[in-house]
Amino acid sequence: MNNQNLVKRVALFCAIGTIPLAVSSRLCNFDPPVMGWSSWNTYRVNISESLIKKQADAMVSLGLKDAGYLYINIDDGFFGYRDDEGMLHTHPERFPNGMKVVADYIHSLGLKAGIYSEAGSNTCGSIWDDDKNGIGVGLYGFERQDADLFFNKWGFDFIKIDYCGAGQQLELEEEERYTYIVDAIREVSRHNISLNICRWAYPGTWVRNLARSWRISGDISPRWESIKHIISKNMYLSAFAGEGHYNDMDMLEVGRGLKPEEDVTHFGMWCMMSSPLLIGCDLTSISEPAMKLLTNPELIAINQDPLGLQAYIVQHEGGGYVFVKDVEHKRGTVRAVALYNPTDTVCPFNVPLSAIELEGKCRLRDIVNRKDVAPVDKSICFDVPAHGVRIFRVEGKKRVEPCIYEAEHAFLNDFDDLAKRKRSVAFMPFESASGGMTVTNLGGHKDNYALWDEVYSENGGIYKMTLYYVPSEKGRGGIREPSVNDRRIEVSVNGNMFVIKQLESDRSTGVNKVEIPVELHKGYNVVKIGSRLTFTPDIDCFTLIPDEK
Ligand code: GLA
């Protein structure tokens, strides 16, 4: 079954189902992603007091502060040395007056100040940029002392904590190490600190308890391949963000050499995916198009939207992806929709309104170009150029129930992008699966499950759940499978468990399905799929169609 067919079939089911008008709209108000400027992309370790002050001045004089950019973040390069008492000193030439004067200056402009450190002993700069002053200045063994210095004595509001020395040299364990550091910071610092964890991959579901944001990829560069790679790394991570915690796609390369349409895609997708927005170019010589893009209030509004949601994919056809998220009201009639074309040729998009859960005449506002376009009542159709994006605020007449839930958009409790475990749950492309993607290696343990906690039913009642799966490859990863197919799927709907044992085991059969009648409550329901004792086959998606009887 290809995705197009699935979308059509689902659209038909939705059309014949009884879908009432009223939608519940829950208002939430979470801290939005951090917006500001950071020194790394342009200056690497070559920073100084006067340079930082000039950038802070420019942030205000250019109107970026008024547009919402508040943080001036000092990245690697300010370190001097640690003395015999363990006291950290700043770089004698770059920051001869220490960091308090810099933080005070930033604050005097009504801005917030960010600092940088390392979870181990030696900084990334000491390893990659030959910055000798970065040796022995990391947090390792000095957690409380440095927290007191950074936040109480110097007065910084934000910290990014890197993992070069900790990982490459000390081989520390991430969850343990970051928990220890964050506990120390919380214990010592007198005010709330916005914390960013920088481990160049989604670190694990523990990270949300520790940080406001976390990097999900290696370092960005001002090349299209880098932008495309980071977007693809973040495509299926929306369930891990939320409630004021965000996947960090790295500092912005806008205005640093990408083509104009690539700059738009870069910034637009960072907004759609609710990444922190940290400008990385030299503000004192920023170009007009970069300024215009970075201060587009309509794009910023979807990044800073109080619902704090990350967009997810509702359609993937011919190389293009359709991303969507609620803005303004949860399950309301306004949605942000991006047609994203990562390919090297034009991509035609045809998005039925049912795919974005809207019905009736829809008003479309092109928020990149800041103008209304003709309303639609069936589908959104545009050709998007190579490396391009079109982003719309779509306002429909009526919000309809979702009919399909993709495995790749579930919260995967054991998701382990750092590949710590041998056979960890992972995204597995499969061409004929819905969205071209499945989730493999679910199960084998009670904690290794997929969770959808916002399965929505307008009225509640009996539904036909159809679960689509792909029989797994035998013996993948060198693990020997028993010759008998012992795979199972355990589906729990609001705690009611269905165990499915009779499953197809031949992968060449492609996408298979099983049907189960389930009861949904009115409003949000919780669906959990896993298998406590054995692995599940690769899970594609499930659909929910109200029972007509
Ligand atoms: C790592 C981080 C970068 C930057 C440098 C500083 O590479 O990922 O963002 O902070 O360290 O050395």
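Here's a quick rundown of the structure. (Residues numbered from 1 in each chain as written. Predicted model: local features only at pLDDT ≥ 70, side-chain atom pairs only at ≥ 80, totals over all residues. Heavy atoms only, no water.)

1. Examining the overall build of the protein chain
Quick reminder of the rule: Here a strand is any run of E in DSSP of at least two residues, a helix any run of H or I of at least four, and the numbering for each starts at the N terminus. We compute the radius of gyration over the C-alpha atoms and compare it with the globule rule, which gives 2.2 Å times the number of residues raised to the power 0.38. Two residues form a contact once any of their heavy atoms are found within 4.5 Å. The accessible surface values rely on the Shrake-Rupley method and a 1.4 Å probe; as for residues, cover is taken only from the protein chains in view. Positive: Lys, Arg. Negative: Asp, Glu. His and the chain ends are not part of the count. Note on charges: their place is set at NZ of Lys, CZ of Arg, CG of Asp or CD of Glu.
Across its full length, the protein chain holds 13 helices and 31 strands. Against the 2.2 N^0.38 benchmark of 24 Å for 549 residues, the protein chain shows a C-alpha radius of gyration of 24 Å, consistent with a compact globule. With the C-alpha coordinates aligned to their principal axes, the bounding extent of the protein chain is approximately 75 × 55 × 40 Å. Across the protein chain, the fraction of contacts at a sequence separation of at least 24, relative to all contacts at a separation of at least 6, is 74%. Here the protein chain has roughly 22,000 Å² of accessible surface; of this, 51% comes from carbon and sulfur atoms. Of the charged side chains in the protein chain, 61 are positive and 74 negative, and the gap between their average positions amounts to 4 Å.

2. Some thoughts on the site of the ligand
This is how it is decided: For this description, a residue counts as near a given molecule or strand if any of its non-hydrogen atoms is within 4 Å of it. Within 3.5 Å is the distance limit for a polar contact, defined as a pair of N or O atoms, with the added protein rule that one can donate a hydrogen and the other accept it, and that residues adjacent in sequence qualify only through two side-chain atoms. Charged residues are taken to be Asp, Glu, Lys and Arg, nonpolar residues to be Ala, Val, Leu, Ile, Met, Phe, Trp, Tyr, Cys and Pro, and polar residues to be all remaining types, Gly included.
In the vicinity of the ligand, 13 residues are found, and the nearest of them are D75, D76, K160, D162 and D219. D162 places a side-chain nitrogen or oxygen 2.8 Å from an oxygen atom of the ligand. Listed by contribution, the elements that provide at least two residues to the shell around the ligand are α6 (124–128) and β6 (158–162). For the shell around the ligand, a count of residues per class yields 6 nonpolar, 1 polar and 6 charged.

3. Details of helix α9 (residues 174–188)
What counts here: The span you would expect from a helix comes to 1.5 Å times its residue count less one. Exposure classes here rest on a 1.4 Å probe applied to the protein chains alone. A residue is buried below 20% of its type maximum, exposed above 50%, and partly exposed in between. When we speak of the arc, we mean the arc of directions from the helix axis to the C-beta atoms.
Compared with an ideal rise of 1.5 Å per residue, which puts 15 residues at 21 Å, α9 spans 21 Å between its outermost C-alpha atoms and is within 8% of the ideal. Taken residue by residue, α9 has E174, R177, Y178, I181, V182, A184 and I185 as its buried positions. Down the axis of α9, the buried side of the element spans an arc of 155°, and every buried residue falls inside it. Pointing more than 90 degrees away from the buried face of α9 are the exposed residues E176 and E187.

4. Remarks on the sheet that holds strand β13 (residues 334–340)
The following threshold applies: Note: two strands are recorded as paired if DSSP finds a minimum of 2 bridges between them. In this analysis, axes come from line fits to C-alpha atoms, helices being fitted only over the stretch in contact, and the angle between any two N-to-C directions falls in the range 0 to 180 degrees.
Spatial ordering of the open sheet is given by β11-β12-β13-β19-β16-β17, a layout of 6 strands whose pairing is antiparallel. Two strands in the sheet have a free side with no partner beyond their single neighbour: β11 (312–317) and β17 (371–376). With direction set aside, neighbouring strand axes in the sheet form an average angle of 25°. In this structure, β11 lies alongside strand β12 (residues 320–326), joined through 5 bridges in antiparallel fashion. Among the inter-strand pairings, Q315 is bridged to a residue of β12, identified as V322. Each of β12, β13 and β19 (389–395) is contacted by helix α11 (residues 260–272), which is oriented at about 145° to β13, the strand it contacts most.

5. Observations concerning the state of the cysteines
The line we're drawing: We call a pair of cysteine sulfur atoms a disulfide whenever their separation is within 2.5 Å.
As enumerated under the stated definition, the model contains 1 disulfide in all. A sulfur-sulfur separation of 2.0 Å characterises the disulfide bridge that pairs C124 with C164. Disulfide C124 to C164: torsion about the S-S bond roughly 95°, handedness right-handed. Placement of the pair is C124 in helix α6 and C164 in helix α8 (residues 164–169), with a sequence separation of 40 residues. No difference in accessibility class separates C124 from C164, as the two residues are buried. Sulfur of C271: no disulfide; nearest cysteine sulfur belongs to C281 and is 15 Å away. Unpaired in this structure, C381 has its nearest cysteine sulfur neighbour in C347, at a distance of 12 Å. Given the relative accessible area of 43%, C381 is considered partly exposed.

6. Topic: the nonpolar core
Spelled out, the test is: We call a set of buried Ala, Val, Leu, Ile, Met, Phe, Trp, Tyr and Cys residues a nonpolar core when their side-chain atoms join them within 4.5 Å.
F267 and F323 are the most contacted members of the largest nonpolar core, which totals 130 residues. In this structure F323 touches M235, M269, M272, M273, A311, Y312, I313, A336, V337, A338 and Y340, once residues within four positions along its chain are discounted. Counting 19 residues, the second-largest nonpolar core is a separate cluster that includes V322, C362, I380 and V394.

7. Considering the pairing of β13
In terms of burial, β13 is a largely internal element, 7 of the 7 residues being buried. The side-chain alternation of β13 yields two buried faces, one formed by V334, A336, A338 and Y340 and the other by R335, V337 and L339. In this sheet, β13 lies alongside β12 in antiparallel orientation, the contact comprising 6 bridges. Opposite Y321, over in β13, you have Y340 as the bridge partner. Two elements, β13 and β19, share 7 bridges in a ladder whose sense is antiparallel. The partner of Y340 across the bridge, within β19, is V389.

8. Observations concerning the sheet that holds strand β25 (residues 450–457)
Read across the open sheet, the 5 strands follow the order β22-β25-β30-β27-β28; overall the sheet is antiparallel. The open sheet has two free edges, formed respectively by β22 (411–412) and β28 (496–500), since each of these has just one partner strand. Here 2 bridges tie β22 to β25, and the two strands are oriented antiparallel to one another. Across the sheet, F411 pairs through a bridge with L451, a residue of β25.

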